[in-house]
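What follows is each chain in one-letter form.
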Amino acid sequence: MRIILLGPPGSGKGTQGDLIAEKYGYPKYSSGDLLRQAVKENTPLGKEAAAIMKKGELVDDEIVIELIKDKISGEESKHGYILDGFPRNLNQAKKLESMTDTAREIVFDLQLSEENIIERLSDRLICPECKAIYSGKDRKQKKNMKCEKCDLELIQRADDKPEVIRERLRVYEEQTEPLIDYYKKKKNYYPINGGRSIEQVFKDVCSILDKELNLSNLDYSSR
Ligand code: AMP
């Protein structure tokens, strides 16, 4: 089972991906996290990606495809995996299909209005270590600006600044939105209202996934 999380920045792909990973036991791969890690480690690939990410544009397909390919071809992905932020354009989607022979693929599109996106991203803080996502407002109220797990000071992502958010939204509309039609045609596309609570969204995700997994268990002996 391959689970693809589509949706604009801030729609909750990372959060829902983590919850799916925890409940269903599939590994989750976030192309954004993999790139940020490469930037942090200052690898040649990270150096190339850093400036592009800062502007909110898409990193070269070949770089991202290499990163993802390495993950999904590993042993831990053999029963399935979750992709967060990949594919981001048609070329990546087609390359993904040619890379692996996956029995079933399901696409969740977490939908969110532009107003909500800007509000969420401007408020988003992350743990520099485990990448857990927090609401700045919520942490201020609790008078605790540290990660609950790692006890490290939370930070704002460089690309969560207003001018970069606008560019990321523009890129999303231009390059990623065409994937909606692509997956609709493949009949594996599930739009989900991402403007609700984490729990409500996850409930919808689970009911679709449970149904799909039962179906695929009948059709195929593996997940
Ligand atoms: P994200 O964490 O998914 O919001 O991604 C942060 C940034 O990483 C994006 O704005 C892009 O610059 C880059 N990035 C992440 N995933 C991809 C991808 N699949 N293709 C190209 N660039 C990506």
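For the structure itself, consult the block above.
Residue positions are given per chain, counted from 1 along the sequence in the order it is written. Local features in this predicted model are restricted to residues of pLDDT 70 or higher, and side-chain atom pairs are both shown and tallied only at a pLDDT of 80 or more, whereas totals for entire chains, interfaces and linings draw on every residue. Hydrogens are left out, water is left out, and the side-chain values use all remaining heavy atoms of the structure.

Asks: Just to check I follow, could you spell out the overall build of the protein for this structure?
Replies: Helix and strand assignments come from DSSP, with helices taken as H or I runs of at least 4 residues and strands as E runs of at least 2, each series counted from the N terminus. Tallying secondary structure elements over the protein gives 10 helices and seven strands in all. For the protein, whose C-alpha radius of gyration is 17 Å, the value lies close to the compact-globule estimate of 17 Å for 223 residues. The principal-axis extent of the C-alpha atoms belonging to the protein is close to 50 × 40 × 30 Å. The buried label applies to any residue whose accessible area, calculated with a 1.4 Å probe on protein chains only, is under 20% of its type's maximum; exposed applies above 50%, and partly exposed to all values in between. A total of 223 residues make up the protein; the buried ones form 46% of that total. Contact between two residues is taken to exist if any of their heavy atoms lie within 4.5 Å; hydrogens are not considered. Counted over contacts in the protein with a minimum sequence separation of 6, partners at least 24 positions apart contribute 71%. Using a 1.4 Å probe, accessible areas were evaluated by the Shrake-Rupley method; residue-level cover was limited to the displayed protein chains. When the accessible surface of the protein is split by element, carbon and sulfur atoms take 49% of a total near 12,000 Å². We score Asp and Glu as negative and Lys and Arg as positive, and we do not count His or the chain ends. Every charge is mapped onto a representative atom, which is NZ of Lys, CZ of Arg, CG of Asp or CD of Glu. In the protein, 39 positive and 40 negative side-chain charges are present, and the distance between their average locations comes to 2 Å. This radius of gyration counts C-alpha atoms alone. The globule rule is 2.2 Å times how many residues there are, raised to the power 0.38.

Asks: Just checking my understanding: could you explain the pattern of salt bridges for this structure?
Replies: Pairing between side chains of opposite charge can happen when the charged atoms of each approach one another. Each reported salt bridge corresponds to a side-chain nitrogen of Lys or Arg within 4 Å of a carboxyl oxygen of Asp or Glu. Taken as a whole and assessed by the stated rule, the structure comprises 19 salt bridges. Across the pair Lys-28 and Asp-18 runs a salt bridge whose closest N-O atoms are separated by 3.0 Å. Placement of Lys-28 in strand S2 (residues 28-30) and of Asp-18 in helix H1 (residues 13-24) is noted, with a sequence separation of 10 residues between them. Judged by its relative accessible area of 44%, Asp-18 is partly exposed. The salt bridge partner of Lys-142 is Asp-138, with a shortest N-O separation of 3.1 Å. Judged by its relative accessible area of 27%, Asp-138 is partly exposed. Through salt bridges with shared partners, a single network forms among Arg-124, Arg-157, Asp-159, Asp-160 and Arg-168.

Asks: Looking at this structure, how should I read the site of the ligand?
Replies: When we say a residue is near a molecule or strand, we mean one of its heavy atoms is within 4 Å of it. If you check the shell around the ligand, you find 16 residues, and the closest are Ser-31, Arg-36, Glu-57, Gly-85 and Gln-92. Under the rule applied, a polar contact is a pair of N or O atoms within 3.5 Å (in protein, one hydrogen donor and one hydrogen acceptor; residues adjacent in sequence only if both atoms are side-chain atoms). The backbone of Val-59 places a nitrogen or oxygen atom 3.0 Å from a nitrogen atom of the ligand. Contact with the protein chains covers 96% of the free accessible surface of the ligand, which is 480 Å². The biggest single contributor to the shell around the ligand is helix H2 (residues 31-40), with four residues. Class assignment for the residues of the shell around the ligand results in six nonpolar, four polar and six charged. Each residue receives one of three labels: charged for Asp, Glu, Lys and Arg, nonpolar for Ala, Val, Leu, Ile, Met, Phe, Trp, Tyr, Cys and Pro, and polar for the others, Gly being one of them.

Asks: What is the right way to read the nonpolar core from this model?
Replies: Most often, soluble globular proteins have nonpolar side chains that are buried together. Buried Ala, Val, Leu, Ile, Met, Phe, Trp, Tyr and Cys residues form a nonpolar core when they are joined through side-chain atoms within 4.5 Å. In this structure, Leu-35, Ile-68, Leu-83 and Tyr-183 are the most contacted members of the largest nonpolar core, which totals 25 residues. Elements supplying a minimum of two residues to this core: strand S1 (2-6), H2, helix H3 (44-55), helix H4 (61-72), strand S3 (81-84), helix H5 (90-99) and helix H9 (178-185). Considering each element in turn, this core owes the most residues, six residues, to H4.

Asks: How should I be thinking about the packing of aromatic side chains in this particular structure?
Replies: Within a pair of aromatic rings, the relevant descriptors are the distance that separates the centres and the angle that separates the planes. Centre distance within 6.5 Å is the pairing criterion for rings of Phe, Tyr and Trp, where only the six-membered ring of Trp is used; planes under 30 degrees apart are then read as stacked, over 60 as edge-to-face, and the remainder as tilted. Counted under the stated rule, the structure contains three aromatic pairs. Aromatic side chains Phe-108 and Tyr-190 sit 6.2 Å apart centroid to centroid with 45° between the ring planes, which places their arrangement in the tilted category. Taken together, the positions of Phe-108 in strand S4 (residues 105-111) and Tyr-190 in strand S7 (residues 189-193) put the pair 82 residues apart, joining distant regions of the chain. Owing to a relative accessible area of 22%, Tyr-190 belongs among the partly exposed residues under this scheme. Between Tyr-182 and Tyr-183, the ring centres sit 5.2 Å apart and the planes meet at 75°, which makes this aromatic pair edge-to-face. Given a relative accessible area of 17%, Tyr-182 falls into the buried group. According to the relative accessible area criterion, Tyr-183 is buried, its value standing at 0%.

Asks: In this structure, what is going on with the sheet that holds S3? I would like to understand it.
Replies: Strand pairs in the sheet, formed through backbone hydrogen bonds, run parallel or antiparallel to each other. Any two strands with at least two DSSP-identified bridges between them are counted as paired. Spatial ordering of the open sheet is given by S2-S3-S1-S4-S7, a layout of five strands whose pairing is parallel. Edge strands, defined here as strands with exactly one partner in the open sheet, are S2 and S7. When strand polarity is set aside, the average angle formed by the axes of neighbouring strands in this sheet is 20°. Bridge count between S1 and S3: four bridges; the pairing is parallel. Bridging across to S3, Leu-5 finds its partner in Asp-84. Running over the sheet, H5 touches S1, S3 and S4 and is turned about 170° from S1. Convention adopted: a line fitted to C-alpha atoms gives each axis, helices being fitted over their contacting stretch, and angles between N-to-C directions are expressed from 0 to 180 degrees.

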